[in-house]
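Structure assessment
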Amino acid sequence: MKSALAAERKAGRLSDFDWKFTGSVGAVNTILHRQVDRLAQIDAARTALAVECYRMDQGELPGKLSNIVPEYLDKVPDDPYDDGQLHYARRQKGYVIYSVGRDGMDGGGESGARNMNPDITFAVLR
């Protein structure tokens with residue numbers, strides 16, 4: 001997109017103001033996405049701490065996140081990238097708390113290089 005904008009500017013179809021404004025909007029959008037990602041990571045970490053408190057008290061992991069409310073967490077945090085709450089997936093060796101991430105697609109808590117649009121995760125492995 002940036003090269004297309006540069007071509008428009010060079011051809012005289014994009015004013016200096018439009019050029020600077022478009023670049024600024026892109027930078028602000030990137031900053032906002034990073035901030036939302038960080039907030040999702042913090043909420044996932046807080047939720048994992050509540051799950052661990054439940055596990056220590058009950059001797060097992062909760063079946064679902066609603067089991068930790070209200071004793072360990074006031075409410076399950078909202079997922080900023082979809083209409084629901086953060087997600088919880090048990091694994092063979094632990095669990096993961098996650099947001100679906102920027103693409104809005106539920107990847108089941110997968111993250112890393114294998115996934116082009118990874119979920120935002122906080123994993124606890126044993």
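Residues numbered from 1 in each chain as written. Predicted model: local features only at pLDDT ≥ 70, side-chain atom pairs only at ≥ 80, totals over all residues. Heavy atoms only, no water.

Of the regular secondary structure elements, the protein holds two helices and three strands. Ordered by position in the sequence, the α and β elements of the protein form the string α-α-β-β-β. Buried positions account for 29% of the 126 residues belonging to the protein. Of the contacts formed within the protein by residues at least 6 apart in sequence, a portion of 36% connects residues at least 24 apart. Element-wise, carbon and sulfur atoms account for 54% of the exposed surface of the protein, whose accessible area totals about 8,500 Å². (Helix = DSSP H or I, 4+ residues; strand = E, 2+ residues; numbered from the N terminus. Buried < 20%, exposed > 50% of the residue type's maximum accessible area, 1.4 Å probe, protein only. Contact = heavy atoms within 4.5 Å. Areas by Shrake-Rupley, 256 points an atom, 1.4 Å probe, with all protein chains shown as cover.)

Moving on, we get to the nonpolar core. Counting residues in hydrophobic clusters, the biggest one holds 16 residues, and the most contacted among them are V51, L65, I68, Y88, Y95 and I97. The element that contributes the greatest number of residues to this core is helix α2 (residues 16-58), accounting for five residues. Apart from residues lying up to four places away in sequence, I68 is in contact with T47, A50, V51, Y54, P62 and L73. (Core = buried A, V, L, I, M, F, W, Y, C linked by side-chain atoms within 4.5 Å.)

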